[in-house]
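# Notes for the structure review
One-letter residues, chain by chain:
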Amino acid sequence: VVYEFPLAAGKNYFTIPLRVPENYSAERFLTDIEKQGLSCAGVSVYEIQDWHKHSKGSIARNFYMENGVAYLLECEGAGTYKMRGEHIYEPLGVSLHLGFNYVGATAYTEGKPVGRLIEGCDPKGMQKIFPDGTQGSIPDSTPAALGEVYIVVCEVGGTWDKKV
């Protein structure tokens, strides 16, 4: 399966809806994008109430990419990144922490109401990052869509897309 990521010049929020290869680092992800003729300076992941950036060519913060987690990609120009992989048809069990959590959907969760994908965190809000980079509140009944980024604000820890 090939999934296409439409990228704008500047900031791009996204999730990876295909199975991420084992030990797939932020640097490798940026290199794969570069091989397709696109130029992106860095990718960030949100952890412990802040964005943590890996800059292209650096050894610092070269985190592993994960499914169900959202990222922020900074690109110099617009284009489309094509990623090959396989869909995910089982729950991921992404941990939700106190505060903001940036998460995404897979083929398993696609079309399910986003409010039903949250367990235990006593959510104080559900938002979505729209293609233009703005964010806004959404109802719990909003169907999950591949590649989209959802923000779950939690009072306590919980789970997104709980494994049964």
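Residues numbered from 1 in each chain as written. Predicted model: local features only at pLDDT ≥ 70, side-chain atom pairs only at ≥ 80, totals over all residues. Heavy atoms only, no water.

Once that is clear, we can look at the state of the cysteines. Summed over all chains, the structure comprises 2 disulfides. At a sulfur-sulfur separation of 2.2 Å, the disulfide partner of cysteine 40 is cysteine 75. Because the sign of the S-S torsion sets the handedness, a value of about 85° for the bond joining cysteine 40 and cysteine 75 places this disulfide among the right-handed ones. Taken as a pair, cysteine 40 in strand S3 (residues 40–47) and cysteine 75 in strand S5 (residues 70–75) lie far apart in primary sequence, 35 residues in all. Sequence-ordered numbering of the bonded cysteines in the protein chain gives a disulfide pattern of 1-2, 3-4. (Disulfide = S-S within 2.5 Å. Helix = DSSP H or I, 4+ residues; strand = E, 2+ residues; numbered from the N terminus.)

The subject of this paragraph is helix H1 (residues 26–35). Of the residues making up H1, those classed as buried are Ala26, Glu27, Phe29, Leu30, Asp32 and Ile33. Packing partners of the buried residues in H1 comprise strand S2 (10–15), S3, strand S4 (50–55), S5 and strand S6 (79–84). Count one or two residues on from H1 and you reach glycine 37, which has phi positive near 85°. (Buried < 20%, exposed > 50% of the residue type's maximum accessible area, 1.4 Å probe, protein only. Contact = heavy atoms within 4.5 Å.)

Now for the pairing of strand S1 (residues 2–7). Going residue by residue along S1, you find Tyr3, Phe5 and Leu7 tucked away on one face and Val2, Glu4 and Pro6 left uncovered on the opposite face. One ladder, built from 6 bridges, connects S1 with S6; its direction is antiparallel. Looking at the pairing, valine 2 lines up with arginine 84 of S6. (Pairing = 2+ DSSP bridges.)

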